Amino acid sequence: MTTRQRHIAHLHLHARLSEEQYEKIIELMCGITPHVQAVPPDAVQLDLTSALRYFDMSPYDVVQTAMLRLKLFYGIECSAGLAGNRMLAAMAADASAPEATTWVPAERAAQWLAPRPVAALPGIGRSTATTLGKFGLHTIGQLAELPPATLQRLLGSAQARLLAERARGHDPRPVVPAEPAEHLSADLVLDRDCLDPAGQHRAVLGLADQLGQRLRGQGRVAGRLTLTVRYADRSSTTRTRALPESTGHSPALAGTALTLLAGLGLQRARVRAFTVRADDLRPAGTAHLQLSLDPGADRARAVEAAADRARRRFGPDAVRPGTLAGAGPGAPVSGY
């Protein structure tokens, strides 16, 4: 039985990112493959193996798609490496110029590694490189050809065994997605005070929709929502409410979030920021759904699933709630 060849991409992002921006990039990459590993502060790794059949594209073209999305949605340039394992993909990305991709096919891995300096191999620091250089070992190819017993005498058995495997291009580590967060939150900081109740309504609606998209993308549901409103004088108000049932359905989340907003009686309050947080998270498959005889509810969920597919393919702003449509990406904060 043959083992399916893996295709790992390493994207080095040429940007200084906040924690929130980095999380959004991870979420964007999850629209290509669910197997995304964060490599803070400015890189991500993607296992494309299962995504190739879905996109019906070559590994190289899928990487170009990921780079194009980063450029279009966030204006971020990156260097990419594509290989059969995480180590080679990262080394290939290091060898790539901005907006370029270095592809190291499995059959060419040893040839590609051979002329590279030993210091380029992960796990070899300045001290180890100096030690190897004293014995005439300056390239990864020379290290790969060295008898194991000789390398063990130079470096010790544990380090020698690891470096011998890496020098031959071997790295068994899988791409491991991050553990799901205990809560999800979406926030909006306004450029100026918002006194308009309609604008406040749009802002909270937009944040609830963002949470719904993220919950469904992660296959989870929430049991409780919290709304925090921050005012121009830096004070804040927080309200929490349990959802009627655990859900990731955006209209249900929006209904509860807007109920919390209405309960605050803001009227003409000078609002500067909103945060909507989803708690009591659990896998969607474990949630109990109430039976409904309303065919409109089933249609709404079918439309929502189709919209999610469109967003994964064309970007997060491809489909938007009707209340926010036509106002552009800044819809939640327009019209103040």
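Residues numbered from 1 in each chain as written. Predicted model: local features only at pLDDT ≥ 70, side-chain atom pairs only at ≥ 80, totals over all residues. Heavy atoms only, no water.

1. Thoughts on a nonpolar patch on the surface
Then, in step 1: A grouping of Leu68, Leu72, Phe73 and Tyr74 is seen on the molecular surface, where their side chains present a nonpolar patch of about 390 Å² in accessible area.
Then, in step 2: Its location among the elements puts Leu72 in helix H3 (residues 59-74).
Then, in step 3: Classification of Leu72 as exposed rests on a relative accessible area of 61%. (Patch = residues over 30% accessible without salt bridge, like charges linked within 9 Å, V, L, I, M, F, W, Y side chains within 5 Å. Areas by Shrake-Rupley, 256 points an atom, 1.4 Å probe, with all protein chains shown as cover. Salt bridge = Lys/Arg side-chain N within 4 Å of Asp/Glu carboxyl O. Helix = DSSP H or I, 4+ residues; strand = E, 2+ residues; numbered from the N terminus. Buried < 20%, exposed > 50% of the residue type's maximum accessible area, 1.4 Å probe, protein only.)

2. Brief notes about the packing of helix H8 (residues 148-155) against helix H9 (residues 157-167)
Packed helices, taken two at a time, are described by their axes: the angle between them and the distance between them.
Then, in step 1: Where H8 meets H9, the axes come as close as 7 Å, and the angle between the chain directions of the two elements is 130°. Taken as axis vectors, H8 and H9 run oblique relative to one another. Read as a crossing pair, H8 and H9 show a hand that is right-handed. Note on element contacts: H9 touches H8 through Ser157, Gln159, Ala160, Leu163 and Ala164, opposite Leu151, Gln152 and Leu155.
Then, in step 2: Here the contact of H8 with H9 is built from residues that sort into five nonpolar, three polar and no charged. (Axes fitted to C-alpha atoms, helices over the stretch in contact; angles between N-to-C directions. Parallel < 35°, antiparallel > 145°, perpendicular 65-115°, else oblique. Left-handed = near helix turned anticlockwise from the far one by under 90°. Contact = heavy atoms within 4.5 Å. Nonpolar A, V, L, I, M, F, W, Y, C, P; charged D, E, K, R; others polar.)

3. Considering the side chain of Thr128
Then, in step 1: As for its placement among the helices and strands, Thr128 is situated in helix H6 (residues 126-134).
Then, in step 2: Taking relative accessible area as the criterion, Thr128 reaches 12% and is therefore assigned buried.
Then, in step 3: Not counting chain neighbours up to four residues away, the residues in contact with Thr128 comprise Leu155, Gln159 and Leu163.

4. With respect to the side chain of Gln200
Then, in step 1: Within the secondary structure, Gln200 sits in helix H10 (residues 197-217).
Then, in step 2: With a relative accessible area of 3%, Gln200 lands in the buried category.
Then, in step 3: Once residues within four sequence positions are removed from consideration, Gln200 is found in contact with Cys194, Leu195, Leu261, Leu266, Gln267, Ala269, Val271 and Phe274.

5. A word on the sheet that holds strand S5 (residues 101-103)
Then, in step 1: Across the sheet, which stays open at both edges, the five strands sit in the order S2-S3-S1-S4-S5 with mixed pairing between neighbours. Two strands in the sheet have a free side with no partner beyond their single neighbour: strand S2 (36-39) and S5. In this sheet, neighbouring strand axes are inclined to one another by 15° on average, regardless of whether the strands run parallel or antiparallel.
Then, in step 2: Helix H4 (residues 86-94) contacts strand S1 (8-13), S2, strand S3 (43-47), strand S4 (78-83) and S5 of the sheet and is inclined by roughly 145° relative to S4. (Pairing = 2+ DSSP bridges.)

6. Remarks on helix H11 (residues 250-264)
Then, in step 1: When the terminal C-alpha atoms of H11 are compared, their 21 Å separation across 15 residues agrees well with the 21 Å that a helix rising 1.5 Å per residue should span.
Then, in step 2: Within H11, burial applies to Ser250, Leu253, Ala254, Thr256, Ala257, Leu258, Leu260, Leu261 and Leu264. (Expected span 1.5 Å × (residues − 1).)

7. Brief notes about unusual backbone geometry
Both trends apply: most residues other than glycine have a negative phi, and most peptide bonds are in trans.
Then, in step 1: Of note, the bond from Pro40 into Pro41 is cis; its omega dihedral lies within 30 degrees of zero at 5°.
Then, in step 2: Residue placement: Pro41 occurs in the loop between S2 and S3.
Then, in step 3: Backbone geometry places Asp56, a non-glycine residue, at a positive phi of 55°.
Then, in step 4: Looking at the secondary structure, you find Asp56 in the loop between helix H2 (51-55) and H3.

8. Side note on the confidence of the model for the protein
Then, in step 1: Per-residue confidence for the protein gives a mean pLDDT of 84, with 83% of residues at or over 70.
Then, in step 2: For the stretch residues 326-336, pLDDT sits under 50, and the model shows 22 contacts to residues farther than four places along the chain or on other chains. (pLDDT = per-residue confidence, 0-100.)

9. Looking at the packing of aromatic side chains
Then, in step 1: Inspection of every chain in the model, using the stated rule, returns two aromatic pairs.
Then, in step 2: On the basis of an interplanar angle of 90° and a centroid distance of 5.1 Å, the ring pair of Tyr54 and Phe55 is categorised as edge-to-face.
Then, in step 3: Here the aromatic rings of Tyr60 and Trp103 are separated by 6.3 Å at their centres, their planes lie at 20°, and the arrangement is stacked. Here the residue Tyr60 occupies a position in helix H3, and Trp103 occupies one in strand S5, the gap between them amounting to 43 residues. (Phe/Tyr/Trp six-rings, centres within 6.5 Å; stacked < 30°, edge-to-face > 60°.)

10. Regarding H6
Then, in step 1: Where H6 is concerned, the buried positions are Thr128, Ala129 and Leu132. Along the axis of H6, the buried positions cluster into a sector of 100°, meaning they face one direction only. Away from its buried face by more than 90 degrees, H6 exposes Arg126, Ser127 and Lys134.
Then, in step 2: Structurally, H6 contributes buried residues whose contacts are with helix H7 (140-145), H8 and H9.
Then, in step 3: Note on H6: the residue one or two positions beyond its end, Gly136, has a positive phi of about 80°. (Arc of directions from axis to C-beta.)

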